[in-house]
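Observations on the model geometry
Chain residues, written in single-letter form:
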Amino acid sequence: LVIGCSPGAVQLATSKSKTLAHLDSHNVPCIPVIDGFNADEASVSGWVAKPDDGVGAEGCCYFPDARQAVTYIQSQSKRMIVQEYIPGISASMSVLCHDGQARLLGSNRQLFSFTDGKGHLEGVIVNGLPEFFIQFENLATHITDSIPGLQGYVGVDLIMSDNGPLIVEINPRLTTAYAGLRQSLGINPAEWILSMFRTGKMPEAGLPIKMPVSVII
């Protein structure tokens, strides 16, 4: 028994570009990848370039100018993608998924920043964005409706922009935020995950406690 996502869901989420294209086709709000990106592209806010298959802030860089972004992409051996930089709050969701159902465990603030153009993820404040819990909860349901095979714990990175939450990527595995969930919620998330796969049902207990908990990398 695999206590996690289906092979199809994992394969899709492995590619940021394929994931975002799939979500966009299902009207799930996300930051699109710029296909055929070139030095003549224009943006008021700038560009973010990163590996299509990467973790954390690996290879993630900000460029105010499209020519700089193109030069960086051409210097990399990995397949790279480019997205327009969207100002907002760096966030993530910790989601429990089962057969198209979703339960939000954490509306988290990511401690992410660009220093000299390079992205750095210093950690996460688990349930550090309680004011967005309902919005994130609705978005989590929208995600599981659009991607069959999301099972167990799933992490979602997003930007809370002026126009609402926009998905950056989906991680079909444990993420940094998982390390703070037990302290934040007052429950053992591993127990919930195992129970869900054993019984085939979502845990019925609610989430009475949502304390902000810092996890520093």
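The coordinates are above.
About the cut-offs
- Residues numbered from 1 in each chain as written.
- Predicted model: local features only at pLDDT ≥ 70, side-chain atom pairs only at ≥ 80, totals over all residues.
- Heavy atoms only, no water.
- Helix = DSSP H or I, 4+ residues; strand = E, 2+ residues; numbered from the N terminus.
- Rg over C-alpha atoms; globule rule 2.2 N^0.38 Å.
- Buried < 20%, exposed > 50% of the residue type's maximum accessible area, 1.4 Å probe, protein only.
- Contact = heavy atoms within 4.5 Å.
- Areas by Shrake-Rupley, 256 points an atom, 1.4 Å probe, with all protein chains shown as cover.
- Axes fitted to C-alpha atoms, helices over the stretch in contact; angles between N-to-C directions.
- Parallel < 35°, antiparallel > 145°, perpendicular 65-115°, else oblique.
- Nonpolar A, V, L, I, M, F, W, Y, C, P; charged D, E, K, R; others polar.
- Core = buried A, V, L, I, M, F, W, Y, C linked by side-chain atoms within 4.5 Å.
- Polar contact = N/O pair within 3.5 Å; in protein donor to acceptor, adjacent residues only side chain to side chain.
- 1 Å grid on protein atoms, 1.4 Å probe; cavity = no way out; pocket = protein on both sides within 12 Å on 5 of 7 lines; lining within 4 Å.
- Points joined across faces, edges and corners; volume = space filled by probe spheres on them.
- Expected span 1.5 Å × (residues − 1).
- Arc of directions from axis to C-beta.
- Salt bridge = Lys/Arg side-chain N within 4 Å of Asp/Glu carboxyl O.

**As for the overall build of the protein**
Helix and strand counts for the protein stand at 6 helices and 9 strands. The globule rule puts the C-alpha radius of gyration for 217 residues at 17 Å, and the 17 Å found for the protein is close to it. A burial count over the protein gives 48% of its 217 residues as buried. Residue pairs in contact within the protein that sit at least 24 positions apart in sequence constitute 66% of those at least 6 positions apart. Carbon and sulfur atoms make up 52% of the accessible area of the protein, which totals about 10,700 Å².

**Some remarks on the packing of helix α5 (residues 178–185) against helix α6 (residues 189–199)**
Running from amino to carboxyl end, α5 crosses α6 at an angle of 100°, the nearest separation of the two axes being 9 Å. Taken together, the axis directions place α5 and α6 in an arrangement best described as roughly perpendicular. Where α5 approaches α6, its residues Tyr178, Leu181 and Arg182 are matched on the opposing element by Pro189, Ala190 and Ile193. For the contact of α5 with α6, the class distribution of residues is 5 nonpolar, no polar and 1 charged.

**What about unusual backbone geometry?**
Backbone geometry follows two general trends: most residues other than glycine have a negative phi, and most peptide bonds adopt the trans configuration. We note that asparagine 27 has phi near 60°; this positive angle belongs to a residue other than glycine. Relative to the assigned elements, asparagine 27 resides in the loop between α2 (16–25) and β1 (47–51). A relative accessible area of 65% places asparagine 27 in the exposed class.

**A short note on the nonpolar core**
If you look at soluble globular proteins, the nonpolar side chains tend to sit buried side by side. In terms of nonpolar packing, the biggest core is built from 46 residues, with Met93, Phe136, Ile143 and Ile167 touching the most fellow members. What isoleucine 167 contacts, discounting residues up to four positions off in sequence, is Leu20, Leu23, Val28, Pro29, Cys30, Ile31, Leu139, Ile143, Val156, Asp157 and Leu158. Trp47, Ala49, Ala66 and Tyr72 belong to the second-largest nonpolar core, a separate cluster that totals 11 residues.

**Some details on the environment of lysine 16**
With respect to the helices and strands, lysine 16 occurs in helix α2. The exposure class assigned to lysine 16 is buried, which follows from its relative accessible area of 7%. When residues no more than four places from it in sequence are discounted, the contact partners of lysine 16 are Lys50, Pro51, Asp52, Asp53, Gly54, Ile81 and Glu169. Reaching out from lysine 16, the side chain makes a polar contact with the backbone oxygen of proline 51 at a distance of 3.5 Å.

**Notes on empty space enclosed by the protein**
By the definition in use, this model includes 1 cavity of 30 Å³ or more. Within this model, the largest cavity holds a volume of roughly 30 Å³. What lines the largest cavity is simply Val95, Cys97, Ala140, Ile143, Thr144, Leu150, Val154 and Val156. At the level of elements, β4 (89–98), α4 (133–146) and β7 (152–161) are the ones that each hand at least two residues to the lining of the largest cavity. Across the lining of the largest cavity, the residue classes break down as 7 nonpolar, 1 polar and no charged.

**Topic: α4**
Across its 14 residues, α4 extends 20 Å between first and last C-alpha, which sits within 8% of the 20 Å expected from 1.5 Å per residue. By the burial criterion, the buried members of α4 are Phe133, Phe136, Leu139, Ala140, Ile143, Thr144 and Ser146. Around the axis of α4, the buried residues are gathered within 160° of arc, so they sit on the same side. Away from its buried face, by an angle of more than 90 degrees, α4 presents the exposed residues Ile134, Asn138 and Asp145.

**A short note on the pattern of salt bridges**
Applying the stated rule across the entire model yields 4 salt bridges. A salt bridge links arginine 67 to aspartate 40, with the nearest nitrogen and oxygen atoms 3.9 Å apart. On the criterion of sequence distance, the pair formed by arginine 67 in helix α3 (residues 66–74) and aspartate 40 in the loop between α2 and β1 is long-range, its members being 27 residues apart. Between lysine 78 and glutamate 58 there is a salt bridge; the shortest N-O distance is 2.6 Å. Separated by 20 residues along the polypeptide, lysine 78 in the loop between α3 and β3 (80–84) and glutamate 58 in the loop between β1 and β2 (61–63) bring together distant segments of the chain.

**Here's the deal with helix α1 (residues 7–14)**
By the burial criterion, the buried members of α1 are Ala9, Leu12 and Ala13. Relative to the axis of α1, the buried residues are bounded by an arc of 95° and lie together on one face. Facing away from the buried side of α1 by more than 90 degrees, the exposed set consists of Pro7 and Gln11. Buried-residue contacts for α1 involve α2 and β8 (164–171).

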